[in-house]
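Fold and contact review
Chain residues, written in single-letter form:
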Amino acid sequence: MMASMDKPRVLVVDDEPNIRDLVDVALRFHGFAVTTAGTGDEALRRANDDRPQLIVLDVMLPDLDGFEVCRRLRTRGDETPVIFLTARDTPSDTVTGLTLGGDDYVTKPFSVDALVARIRAVLRRTAAAPEPADEILRVGDLELDEARWCVRRDGAEIELSPTEFRLLAYLMRNSGRVLSRTQLLENVWGWDHSANSPVVETYVSYLRRKIGPDLIHTQRGVGYALRPPA
């Protein structure tokens, strides 16, 4: 019983029984404890009752779509990592999923081994505690306190998602340096997204909207740097 409780808990949500069963069997084989759901309403109930450590979530469900499920989870304060698994593969769909608080976006058809690797990467990243900090990180009037998970600019508190917080912390720890897209992917997301993934650009745009457009600078063809305003 204890061995089962020690396994990472994953909720798989898909209305196609063959996909649901395929992912269920594969994850169990790789050492995960799995529960499943076939609708959005059932997914919300399972997320509340079972407290999974990660949710693999289809977008096209028969009642609530996966985007709405994720939106409701985040609205009620549930920050369980979400990996969207869907046939909807346009860039706008990917951006929508990430905007709503998704941690990754996998399109069908998919490789089971690649999905397992992504699940493990997201779990490693979200389970890692913030690095201990002896002092608050500061760049200009922007402050980030890793111990208290708090960000302020000019004294006003700014609410960030976990991924936004990690990205900002990494930029601030390397203030003034131009960081490549690859460096950001490896150090914030923990693995190499596909070349076409807009995840870095998407989250940089989120941060600019929240902390102001004058701190994160783009070096075209190279990457991004966080510097105080001139």
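Notes on the structure in this doc start here. Values in this document were obtained by computation on a predicted structure and should not be read as measured data. (Residues numbered from 1 in each chain as written. Predicted model: local features only at pLDDT ≥ 70, side-chain atom pairs only at ≥ 80, totals over all residues. Heavy atoms only, no water.)

**Section: the pairing of strand β3 (residues 54-57)**
Every second residue of β3 is oriented toward a common face, with Leu 54 and Val 56 on one face and Ile 55 and Leu 57 on the other, all of them buried. Here strand β1 (residues 9-13) runs beside β3; their pairing, made up of four bridges, is parallel. Bridging from a neighbouring strand, Val 12 pairs with Val 56 of β3. Handedness of the β-α-β unit built from β3, helix α4 (residues 66-75) and strand β4 (residues 82-86) comes out right-handed. (Buried < 20%, exposed > 50% of the residue type's maximum accessible area, 1.4 Å probe, protein only. Helix = DSSP H or I, 4+ residues; strand = E, 2+ residues; numbered from the N terminus. Pairing = 2+ DSSP bridges. Right-handed = clockwise from strand over helix to strand, strands pointing away.)

**What about the packing of helix α8 (residues 181-189) against helix α9 (residues 199-211)?**
For the pair α8 and α9, the least separation of the axes is 10 Å and the interaxial angle reads 80°. The angle between α8 and α9 places the two elements in the roughly perpendicular class. Across the interface between the two elements, Arg 181, Leu 184, Leu 185 and Trp 189 from α8 touch Val 199, Val 200, Glu 201 and Tyr 203 from α9. (Axes fitted to C-alpha atoms, helices over the stretch in contact; angles between N-to-C directions. Parallel < 35°, antiparallel > 145°, perpendicular 65-115°, else oblique. Contact = heavy atoms within 4.5 Å.)

**Section: the packing of helix α3 (residues 40-50) against α4**
Axis separation between α3 and α4 bottoms out at 9 Å; the angle between their running directions is 30°. Our classification of the angle between α3 and α4 gives roughly parallel. Crossing of α3 against α4: the hand is right-handed. Taken together, the residues of α4 that come into contact with α3 (itself represented by Gly 40, Ala 43, Leu 44 and Ala 47) are Val 69, Arg 72 and Leu 73. When grouped by side-chain class, the residues that make up the contact of α3 with α4 number five nonpolar, one polar and one charged. (Left-handed = near helix turned anticlockwise from the far one by under 90°. Nonpolar A, V, L, I, M, F, W, Y, C, P; charged D, E, K, R; others polar.)

So yeah, pure geometry; function would need other evidence.
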